[in-house]
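# Overview (structure and organization)
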Amino acid sequence: MLCVLLAQPLLGQTAPRWYRGNTHTHTINADGDASPDVVVRWYREHGYQFVVITEHEFLTDVAPLNGIFGAPGRFVVMSGQEVTQYVVDSAHPSGRRQAHVNGIGTTRVVMPLRDPAGRPARGVSVAESYARNIAAIRAAAGIAQINHPNWTWSVRVSDLVQLPDTLLFEIWNGQAGIQNLGGTDDAGNVAPSSESLWDSLLTRGKVVWGVASDDSHDFLRLEEGREKGPGRAWIMVRADTLTSDAIMTALARGAFYASTGVLLSDVAASDTAMTITIQRRGDNRYRTRFIGRGGRLLADVPGTRPRYRVRGDEGYVRAVITDSNGLLAWTQPVVLRK
Ligand SMILES: [Zn+2]
Ligand SMILES: [Zn+2]
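First, a word on scope: everything that follows refers to the structure included in this document. Residue numbers restart at each chain and count upward from 1, following the sequence in its written direction. As a convention, the first chain written is A and the first ligand written is 1, with the rest following in written order. A pLDDT threshold of at least 70 governs which residues receive local features in this predicted model, and a stricter bar of 80 or more applies before side-chain atom pairs are shown or counted, although totals over entire chains, interfaces and linings include all residues. Side-chain numbers here rest on the full set of heavy atoms in the structure, without hydrogens or water.

## Here's the deal with the coordination of the zinc ion (ligand 1)
Distances up to 2.8 Å from the metal define which N, O and S atoms are donors, and 3.2 Å serves for Na, K and Ca; water is absent from the atom set, so sites may look incomplete. Taken together, Glu82 (OE), His100 (ND1) and His148 (NE2) make up the full set of protein donors to the zinc ion (ligand 1), lying 2.1 to 2.2 Å away. Between the donor residues of the zinc ion (ligand 1), the gaps in sequence give the motif E-x17-H-x47-H. A distance of 3.5 Å spans the gap from the zinc ion (ligand 1) to the zinc ion (ligand 2), which glutamate 82 bridges by coordinating each metal. With glutamate 82 in strand β6 (residues 80-83) and histidine 100 in the loop between β8 (96-98) and β9 (101-104), this residue pair connects regions lying 18 residues apart in the sequence. We count a stretch as a helix when DSSP gives it H or I for four or more residues in a row; a strand needs E for two or more, and each element gets its number in order from the N terminus.

## As for the pattern of salt bridges
Salt-bridge detection follows one rule: a side-chain nitrogen of Lys or Arg within 4 Å of a carboxyl oxygen of Asp or Glu. Across all of its chains, the model carries eight salt bridges by this definition. For the salt bridge of arginine 97 with aspartate 89, the shortest nitrogen-to-oxygen distance reads 3.5 Å. Like arginine 97, the residue aspartate 89 is buried in the burial classification. Here's how the labels work: a residue is buried when its accessible area is under 20% of the maximum for its type, exposed when over 50%, partly exposed in between, all with a 1.4 Å probe on protein chains only.

## A closer look at the environment of aspartate 214
With respect to the helices and strands, the residue aspartate 214 is situated in the loop between β14 (208-213) and α6 (220-223). For aspartate 214, a relative accessible area of 1% corresponds to the buried category. A sequence separation of 17 residues divides aspartate 214 from glycine 231, and the C-alpha atoms of the two residues are 6.5 Å apart. Contacts are assigned to residue pairs that have any heavy atoms within 4.5 Å of one another. When near neighbours in sequence (up to four residues on either side) are disregarded, aspartate 214 contacts Asn22, His24, Tyr43, Tyr48, Asn173, Gly174, Gln175, Pro230, Gly231, Arg232 and Ala233.

## Things to note about the environment of isoleucine 68
By the element assignment, isoleucine 68 lies in helix α2 (residues 63-69). Considered as a pair, isoleucine 68 and arginine 41 are 27 residues apart in the sequence and their alpha carbons are 9.4 Å apart.

## Brief notes about the sheet that holds strand β10 (residues 143-146)
Strand pairing is assigned whenever DSSP identifies at least 2 bridges connecting the two strands. Strand order in this open sheet of six strands is β4-β6-β9-β10-β11-β14, and the pairing throughout is mixed. Looking at which strands have only one partner, the edges of the open sheet turn out to be β4 (55-56) and β14. Here two bridges tie β4 to β6, and the two strands are oriented parallel to one another. Bridge pairing links glutamate 55 to glutamine 81 in β6.

## Concerning the coordination of the zinc ion (ligand 2)
Donor atoms from the polypeptide that coordinate the zinc ion (ligand 2) comprise His24 (NE2), His26 (NE2), Glu82 (OE) and Asp215 (OD), at 2.1 to 2.2 Å from the metal. In primary-sequence terms, the residues that donate to the zinc ion (ligand 2) follow H-x1-H-x55-E-x132-D. Residue histidine 24 is classed as buried on the basis of its relative accessible area, which comes to 0%. Accessibility expressed as a relative area gives 1% for glutamate 82, which makes it buried.

This is the structure in structure tokens:
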């Protein structure tokens, strides 16, 4: 069987460097509680190498922040925005559905669809808003990231099937009340997890990369113990150098994995095997599930060096690693086509 590797990230190369970063961050320039310098300082001092400032409809100037906190090879602040689209839907319990999209590395503000009076646009579907906003983000030199699809139970698979390829998809958001895991309500309405939505896209042949991010708003309130703080979800990007351009290139290629606490030393993926080397912490134990088309479990492997031998008919192969304390890491898929 001839398998063509369509989406081979920069995995398994020699001399890799992993850079830890957060692609979804708010400050007092929107609805965060702390000024950009406080926010950037937090990430700089907590083991991150990059952070993307993604305000609602505001482009924070990252040049002065890089002047203070940036350091070659150590830390970079990247520009961005969250396009805060919501769509009127009288059938939805809250009357509106949230269709937020981050623009990573954007160079200008992208306004969400509104009517001339500034009210939410009517007669626009979530899918139509995604198509328009992703195109606008790309026109502003950004990479699009679909955010928190399950927040207020807003997004369904049918809203996502028309998405373009090479897109980031937030499979884990660190804020409270995001409903990452999905669920069934008392009336029997089923919403899949964000990760399952990702599988639905991959199963349809979409090349979409899974992201975990903080969506952090709370730095000062954090000290009062009232809100969920930063540092809960991030990505580890493999790039040759630490520049905004290098991170953008790696994001577009899917050369990264997502994490809520499990760290990997290496992910080597080819059309014949996926081999993962997990960084052991303390006496934690690890379990790796290899997932294929339809979200199907291909293998469930214990230990810190799980390996899966690719048959070629799986559609795609990705891995999710869980430690014995419930922390996670997700690799990107290797997409296979016969
Ligand atoms: Zn949002
Ligand atoms: Zn946000």
